[in-house]
Amino acid sequence: MRTRLLALVLLLLLGGCSSGGTRDDGRITLRFQSLAWQEESVEANEQLVKEWNATHPDVRVEYVQGTWDSVHDQLLTAFEGGEAPDIIHDASDDLADFAHGGYLADLTGLLSARLKSDIPQRSWETTTFGDGVYGVPFLQEPRVLIANAKWLRGSGVRIPTPEKPWSWAEFRRITERLSGRGKYGVAWPLKEPVSATLNLSLSAGGRLFHRGPDGKVTVRFGTADQVVPRTVHAQANTDRSASPTTLGSGGSDTLPGFFAGRYAMVPLGFSYRQQIAQQAPEGFDWQVLPAPAGAGGLTQGVSPQTLSIAGDCPHKKEAAEFLDFFLGPRNMVRLALGDWMLPTGTQALNDPALRRAEHGWSTGTALAAHLRPAPAQNVRGYPEWKDKVATPAFQEYYSGAIGIRELRDRLERDGNLVLARYQR
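Source: prediction; values computed, not measured.

Focus: empty space enclosed by the protein
Then step 1. All chains considered together, the criterion is met by four cavities of 30 Å³ or more.
Then step 2. Space inside the largest cavity adds up to approximately 60 Å³.
Then step 3. Looking at the largest cavity, the residues that line it are Thr197, Leu198, Ser201, Gly206, Arg207, Leu208, Phe221, Asp225, Pro375 and Phe394.

Here it is, written out as structure tokens:
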């Protein structure tokens, strides 16, 4: 009895996870797995699916709530088991292995001319692998400095703007000036240090990953790549201007100390503004500042959120039509507002709702033109390199456990061994 019951449960679960298809009545059903998690974002996603279904009775979209936790492994299991959703929400730096593995559909001939022209080429580069396009980049966020406005004004330091940002050297001097008596100029939340370090390093001219004439990628941790890591290391270990206790924390973990006046600034993704707006004590005055600039100006790397179509989806044309609806200019604005992020679409980015001064929206949109594909884009084996090599190496360096030479050796020596396995 127990065996038969278990078999029935497994059958139901597998049936619930199978890809969309055609019903007996001829109606097509497409399964859309969304990773939206903030309340406003989930509401916007669900509402757009309802609007599609109300006007497309023959192509029904079924909304499936996913999670960012372990999304790569979850999707890999679904792909290999033939149970992947038809429409897949992910991030561009997670797509390379799936695209090369044949798990995602090439969207080159499926997307509308409107959608292809509305999103800039620099954004399409994040989802282009070889000759194919394997995702639509639709939401992106720069890293910014969230600052205690009253603290900064009282200190008399120069307040940076997108037109006149701080340099990395100036940023270091200012955080040291703001520190003392148990308070810190900055709190770096670097529990996941790799993407933050690599993406901000583009502002200093860093690139880290170098592709040779044979198409193979190698890691070279040069002088430009070291500007941002050296700054963070000096703030935490030499100047004592960065809180050592937040180096192993996530972004949300720094907010109580920020609100309590322990840190003048916290470098965070643009979307964290929602949590700050909701959680800040009454009267707490905060503002959004651009991240420091270097030889590369305000350039930052980003890995946009993406929507892809599964390679074995039986109704790719209909799935692409849903993407065109879902990512129309007005809908893209709704999604951006729900996630407190920036849309990639040119028309949406020009919407007045995303260019107001309130909550730093105008600072974010001013940075949009400086966003470029993250250095890890198109690097096969990046997830393993990040988890097994780069994350522990950067964590040990920022804590002061190893020096810059050991960091370089581990990123290059151990990292290139990992990447080589994916490029044979």
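Points about the nonpolar core
Then step 1. One finds Phe32, Val136, Phe322 and Leu327 to be the most contacted residues of the largest nonpolar core, which totals 78 residues.
Then step 2. Apart from the residues within four sequence positions on either side, Leu327 is in contact with Arg114, Leu115, Val136, Phe138, Leu307, Met332 and Leu335.
Then step 3. Leu178, Leu289, Ile402 and Ile404 belong to the second largest nonpolar core, which has 47 residues in total.

With respect to helix α18 (residues 404–420)
Then step 1. End to end, α18 covers 23 Å across 17 residues, agreeing with the expected 24 Å (1.5 Å per residue, within 8%).
Then step 2. Those residues of α18 that fall on the buried side of the exposure criterion are Ile404, Leu407, Arg410, Leu411, Gly415, Val418 and Leu419.

Thoughts on the environment of Leu200
Then step 1. Looking at where Leu200 falls in the secondary structure, it is placed in helix α9 (residues 193–201).
Then step 2. Residue Leu200 is classed as buried on the basis of its relative accessible area, which comes to 5%.
Then step 3. Distance in space between the C-alpha atoms of Leu200 and Arg172 is 15 Å, their sequence separation being 28 residues.
Then step 4. Setting aside chain neighbours within four positions, we find Leu200 in contact with Arg143, Trp168, Trp188, Val228, Ala291 and Gln300.

So, the packing of aromatic side chains
Then step 1. Inspection of every chain in the model, using the stated rule, returns 24 aromatic pairs.
Then step 2. Between Phe259 and Phe284, the ring centres sit 5.4 Å apart and the planes meet at 80°, which makes this aromatic pair edge-to-face. Of this pair, Phe259 sits in helix α11 (residues 255–259) while Phe284 sits in the loop between α12 (273–279) and β12 (286–290); the two residues are 25 residues apart in sequence, bridging distant segments of the chain. There is no split in this pair, since Phe259 and Phe284 are both buried.

Side note on unusual backbone geometry
Then step 1. One non-glycine residue, Ser70, adopts positive backbone phi at about 55°.
Then step 2. Overall, Ser70 belongs to the exposed group, its relative accessible area being 53%.
Then step 3. In this structure, Leu208 takes a positive phi of about 65° despite not being glycine.
Then step 4. Mapping Leu208 onto the fold places it in the loop between α9 and β9 (209–211).
Then step 5. On the basis of relative accessibility, which here comes to 4%, the residue Leu208 falls in the buried class.

A look at the pairing of strand β7 (residues 143–148)
Then step 1. With five of six residues buried, β7 is to be regarded as a mostly interior element.
Then step 2. With five bridges joining them, β7 and strand β11 (residues 263–269) adopt antiparallel strand pairing. Across the sheet, Ile146 pairs through a bridge with Val266, a residue of β11.
Then step 3. Of the strand pairs in this sheet, β7 and β12 are connected by five bridges, and their pairing is antiparallel. Note that in β12 the partner of Leu145 across the bridge is Leu289.

Remarks on helix α8 (residues 168–177)
Then step 1. Buried within α8 are the following residues: Trp168, Glu170, Phe171, Ile174 and Thr175. All buried residues of α8 lie within an arc of 155° about the axis, which places them on one face of the element. Set apart from the buried face of α8 by more than 90 degrees, the exposed residues are Arg173 and Arg177.
Then step 2. Elements in contact with the buried residues of α8: β7, β8 (184–186), α9, α10 (227–237) and β11.

Let's talk about the pairing of β11
Then step 1. For β11, a buried count of seven out of seven residues is recorded, marking the element as mostly surrounded by other parts of the structure.
Then step 2. Pairing geometry for β8 and β11, over two bridges, is parallel. Its bridge partner lying in β11, Val186 is registered against Met265.

Regarding the layout of surface pockets
A water-sized probe, rolled over the atoms, reveals where empty space remains.
Then step 1. Approximately 340 Å³ is the volume attributed to the second largest pocket.
Then step 2. Every element with two or more residues in the lining of the second largest pocket is listed here: β9 and β16 (371–373).
Then step 3. In terms of residue count, the dominant contributor to the lining of the second largest pocket is β9 (three residues).
Then step 4. In terms of residue class, the lining of the second largest pocket is made up of seven nonpolar, six polar and four charged.

A short note on the sheet that holds strand β15 (residues 342–343)
Then step 1. Sheet architecture is open: six strands sit in the order β2-β1-β3-β14-β6-β15, paired in mixed fashion. The open sheet terminates on both sides in strands that have one partner only, identified here as β2 (59–65) and β15.
Then step 2. One ladder, built from two bridges, connects strand β6 (residues 136–140) with β15; its direction is antiparallel. Counterpart to Leu139 in the pairing with β15 is Pro343.

Points about the confidence of the model for the protein chain
Then step 1. Taken as a whole, the protein chain shows an average pLDDT of 93; of its residues, 94% reach a score of 70 or greater.
Then step 2. Here residues 1–18 scores under 50 on pLDDT; set against residues more than four positions off or in separate chains, the count is five contacts.

Some words on a negative patch on the surface
Then step 1. Residues Glu39, Glu40, Glu43 and Glu46 make up a contiguous surface patch of negative charge.
Then step 2. For Glu46, a relative accessible area of 34% puts it in the partly exposed group.

Overview of the packing of helix α2 (residues 39–55) against helix α14 (residues 329–339)
Then step 1. Running from N to C, α2 and α14 point in directions that differ by 155°, and their axes come no closer than 7 Å. With respect to α14, the axis of α2 lies roughly antiparallel. As for how α2 packs across α14, the hand of that crossing is left-handed. Counting all contacts with α2, which are made through Glu40, Ser41, Ala44, Asn45, Gln47, Leu48 and Glu51, the residues of α14 involved are Asn331, Arg334, Leu335, Leu337, Gly338 and Asp339.
Then step 2. Of the residues that constitute the contact of α2 with α14, the class distribution is four nonpolar, five polar and four charged.

Cut-off values and rules
- Position numbers for residues count from 1 along each chain, tracking the sequence in the order it is written.
- Thresholds applied to this predicted model are a pLDDT of at least 70 for local features of residues and 80 or more for the giving and counting of side-chain atom pairs; totals over whole chains, interfaces and linings are not thresholded and use all residues.
- Water and hydrogen atoms play no part in the side-chain values, which are based on all heavy atoms of the structure.
- With a 1 Å grid laid over protein atoms only, a set of points is called a cavity when a 1.4 Å probe fits there but cannot get out and a pocket when it is open yet has protein on both sides within 12 Å along at least five of seven lines; lining residues have an atom within 4 Å of a point.
- Grid points are joined across faces, edges and corners, and a volume is the space filled by probe spheres set on the points.
- Only buried residues count toward a nonpolar core, which is a set of Ala, Val, Leu, Ile, Met, Phe, Trp, Tyr and Cys residues joined through side-chain atoms within 4.5 Å.
- Throughout this description, buried means an accessible area under 20% of the type-specific maximum (1.4 Å probe, protein chains only), exposed means over 50%, and partly exposed covers the range between.
- Contact definition: two residues touch when any of their heavy atoms are within 4.5 Å.
- A run of DSSP states H or I qualifies as a helix once it reaches four residues; a run of E qualifies as a strand once it reaches two. Both are numbered from the N-terminal end.
- Expected span, for any helix, means 1.5 Å times one less than how many residues it has.
- Classification of ring pairs uses Phe, Tyr and Trp, with its six-membered ring standing for Trp, and accepts pairs whose centres are within 6.5 Å; under 30 degrees between planes counts as stacked, over 60 as edge-to-face, and the remaining range as tilted.
- The criterion for strand pairing is that DSSP finds at least two bridges linking the strands in question.
- Directions pointing from the helix axis toward each C-beta atom define the arc.
- Residue polarity is assigned by list, with Asp, Glu, Lys and Arg as charged and Ala, Val, Leu, Ile, Met, Phe, Trp, Tyr, Cys and Pro as nonpolar; anything else, Gly included, falls into the polar class.
- Confidence scores here are pLDDT values: one per residue, from the predictor, ranging 0 to 100.
- Patch membership requires more than 30% relative accessible area and the absence of a salt bridge. Residues of like charge join within 9 Å; the nonpolar side chains Val, Leu, Ile, Met, Phe, Trp and Tyr join within 5 Å.
- Computed with a 1.4 Å probe, the accessible areas rest on the Shrake-Rupley method; for each residue, only the protein chains presented here act as cover.
- For this analysis, a salt bridge means a side-chain nitrogen from Lys or Arg found within 4 Å of a carboxyl oxygen belonging to Asp or Glu.
- His is not counted, nor are the chain ends, whereas Lys and Arg count as positive and Asp and Glu as negative.
- Charge placement uses NZ in Lys and CZ in Arg. For Asp and Glu, CG and CD serve respectively.
- Helix axes are fitted to C-alpha atoms over the stretch in contact, other axes to C-alpha atoms as well, and angles between N-to-C directions run from 0 to 180 degrees.
- Should an angle lie under 35 degrees it is considered roughly parallel, over 145 roughly antiparallel, and from 65 to 115 roughly perpendicular; all remaining angles are considered oblique.
- Definitions for this section: a left-handed crossing has its near helix turned counterclockwise from the far helix by less than a right angle. A right-handed crossing has that turn clockwise.

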